[in-house]
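Residue strings, one per chain:
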Amino acid sequence: MDQVVELMKLPELKSLAFAYNQIFGGLESALETLDSLDLTDNFLQGPLIRLGGLSSLTLEGNVFTGTLPMDLFQFTTPLKFLNLGRNRLQGQIPPEASYALQLTSLQLHENLLDGAIPPELGQLPLRSLRLNNNAFTGTIPLDNVNVNWYNTLEELWLFNNQLTGEIPTVLGTTPRMTDLRFSNNRLVGGIPTELSALSRLFRLEVAGNQLSGGLDASIASKLTNLEVMDVSGNQFSGPI
């Protein structure tokens, strides 16, 4: 990592990508002078630190541990894209994550995170939220208060967690939604007919839950862009 930090002496350097190498060590505060940093699939470890100047930070596929520090998500941060997937982060998502007011993509998949998904995330203009392959509990945090991301959400990946409750009917008011993945949780109820309003939806995966009831024909007739639908491993009944 020392050699990477040496590059910070270049006065005009704003974007740095060292993905898919064998870099080891920890993060250095000198990196916060960048706009974009991509260190995907290396051997970096230790706790996360605040890198205040970045608009895009990708640390997927390393060995970072500890919890998500609240100071990653400050009101003044220009952060728009944050990918910390495939690490060893623990604990909960702090509600203060909603302070990162410009954040459009939050990817925390394949970690050891748990607890409830904070509803405060609904205050962000997120286009992509990937929280799959963790141990999140509670219900899917969509209600009539979180109106910001209803207008922006395009993909919502929550599969392989321990979520309970029903699929929120308010998902039918997310006009940009293209990709919903809720498989392998503990969801009950049925597939809401309101989802038939998602004209852009091309993937719907709800396999491996405890869903029941019939499959409404309106979903098939109105979701004209649907390419993948996986409802296996549930308790659906009636005709196809």
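Data block above holds the structure.
Keep in mind that this is a model prediction, so the values were computed, not measured.

K.L.:
I'd like to hear about the overall build of the chain, residue by residue, with values.
P.N.:
Summing up its helical and strand segments, the chain has two helices and 18 strands in all. For 240 residues, the compact-globule formula gives about 18 Å, and the C-alpha radius of gyration of the chain, at 19 Å, lands near that figure. Here the C-alpha coordinates of the chain stretch approximately 65 × 30 × 30 Å along the principal axes. Within the chain, buried positions represent 47% of all 240 residues. Counting only contacts in the chain whose residues sit at least 6 apart along the sequence, the fraction spanning at least 24 positions is 47%. Just so you have it, the chain exposes about 11000 Å², and 50% of that area is on carbon and sulfur atoms. Taking the average place of the 14 positive charges on the side chains of the chain and the average place of its 24 negative ones, the gap between the two points comes to 4 Å.

K.L.:
Could you give an account of the pattern of salt bridges, with specific residues and numbers?
P.N.:
In this structure the tally under the stated criterion is six salt bridges. Asp-179 is the partner of Arg-181 in a salt bridge, and the nearest nitrogen-oxygen pair spans 2.9 Å. Just as Arg-181 is buried, Asp-179 falls in that class too. Asp-179 is paired through a salt bridge with Arg-203; the nearest N and O atoms lie 4.0 Å apart. Pair noted here: Asp-179 is in strand E14 (residues 179-181) and Arg-203 is in strand E15 (residues 203-205), with a separation of 24 residues, a long-range link. A network of salt bridges, in which partner residues are shared, links Asp-179, Arg-181, Arg-203 and Glu-205.

K.L.:
So what about a nonpolar patch on the surface? Which residues, and what values?
P.N.:
A surface patch of nonpolar side chains, about 310 Å² in accessible area, is lined by Phe-75, Tyr-99 and Leu-101. Turning to its location among the elements, Leu-101 is positioned in the loop between strand E8 (90-91) and strand E9 (105-107). On the basis of relative accessibility, which here comes to 48%, the residue Leu-101 falls in the partly exposed class.

K.L.:
Give a description of the environment of Asn-185 that names residues and reports values.
P.N.:
Within the fold, Asn-185 resides in the loop between E14 and E15. Between the C-alpha atom of Asn-185 and that of Thr-164, which follows or precedes it by 21 residues, the distance is 6.9 Å. Leave out the neighbours within four places in its chain, and Asn-185 touches Leu-158, Phe-159, Asn-160, Asn-161, Gln-162, Leu-163, Gly-208 and Asn-209. A distance of 2.9 Å separates a polar atom in the side chain of Asn-185 from the backbone nitrogen of Leu-163.

K.L.:
I'd love a proper account of the side chain of Glu-205, names of residues and values included.
P.N.:
Along the chain, Glu-205 turns up in strand E15. Setting aside chain neighbours within four positions, we find Glu-205 in contact with Leu-180, Arg-181, Phe-182, Ser-183, Val-228 and Asp-230.

K.L.:
Describe the sheet that holds strand E17 (residues 228-230), naming the residues involved and giving the relevant values.
P.N.:
Strand order in the open sheet formed by ten strands is E1-E3-E5-E7-E9-E11-E13-E14-E15-E17, and the pairing between neighbours is parallel. For this open sheet the edge positions go to strand E1 (15-17) and E17, each flanked by a neighbour on one side alone. With direction set aside, neighbouring strand axes in the sheet form an average angle of 10°. Strand direction decides the pairing type here: strand E3 (residues 36-38) and strand E5 (residues 56-58), joined by three bridges, are parallel. When the bridges of E5 are listed, Asp-38 appears paired with Thr-58.

K.L.:
Can you lay out the nonpolar core for me, pointing to particular residues and giving the numbers?
P.N.:
With 62 residues, the main nonpolar core has Leu-31 and Phe-182 as its most contacted residues. Beyond its immediate sequence surroundings of up to four residues, Leu-31 is in contact with Met-1, Val-4, Met-8, Leu-16, Leu-37, Leu-51 and Leu-54.

K.L.:
Explain the packing of aromatic side chains to me, and be specific about the residues and the numbers.
P.N.:
When we look at a pair of aromatic rings, we describe it by the centre distance and by the angle of the planes. Counting across every chain of the model gives two aromatic pairs. When the centroid spacing of 4.4 Å and the interplanar angle of 20° are considered together, the rings of Phe-75 and Tyr-99 count as stacked. Here Phe-75, found in the loop between strand E6 (63-64) and strand E7 (81-83), pairs with Tyr-99, found in the loop between E8 and E9; they are 24 residues apart in sequence, far enough to count as distant. Aromatic pair Trp-157 and Phe-159: ring centres 6.0 Å apart, planes at 45°, arrangement tilted. Seen from the ring of Trp-157, Arg-130 lies directly overhead, with NZ or CZ sitting 3.8 Å from the centre.

K.L.:
Describe unusual backbone geometry, listing the residues and the values that go with them.
P.N.:
Unusually for a residue other than glycine, Tyr-20 sits at a positive phi of about 60°. Inspection of the secondary structure assignment puts Tyr-20 in the loop between E1 and strand E2 (24-25). Taking the relative accessible area as the measure of exposure, Tyr-20 reaches 62% and is therefore exposed. One non-glycine residue with positive phi stands out, namely Asn-184, at about 60°. Relative to the elements of secondary structure, Asn-184 occurs in the loop between E14 and E15. On the basis of relative accessible area, Asn-184 is assigned to the partly exposed category, the value being 42%.

Definitions and limits used
Residues numbered from 1 in each chain as written. Predicted model: local features only at pLDDT ≥ 70, side-chain atom pairs only at ≥ 80, totals over all residues. Heavy atoms only, no water. Helix = DSSP H or I, 4+ residues; strand = E, 2+ residues; numbered from the N terminus. Rg over C-alpha atoms; globule rule 2.2 N^0.38 Å. Buried < 20%, exposed > 50% of the residue type's maximum accessible area, 1.4 Å probe, protein only. Contact = heavy atoms within 4.5 Å. Areas by Shrake-Rupley, 256 points an atom, 1.4 Å probe, with all protein chains shown as cover. Lys, Arg positive; Asp, Glu negative; His and termini not counted. Charge placed at Lys NZ, Arg CZ, Asp CG, Glu CD. Salt bridge = Lys/Arg side-chain N within 4 Å of Asp/Glu carboxyl O. Patch = residues over 30% accessible without salt bridge, like charges linked within 9 Å, V, L, I, M, F, W, Y side chains within 5 Å. Polar contact = N/O pair within 3.5 Å; in protein donor to acceptor, adjacent residues only side chain to side chain. Pairing = 2+ DSSP bridges. Axes fitted to C-alpha atoms, helices over the stretch in contact; angles between N-to-C directions. Core = buried A, V, L, I, M, F, W, Y, C linked by side-chain atoms within 4.5 Å. Phe/Tyr/Trp six-rings, centres within 6.5 Å; stacked < 30°, edge-to-face > 60°. Lys NZ or Arg CZ within 6 Å of the ring centre and 35° of its normal.

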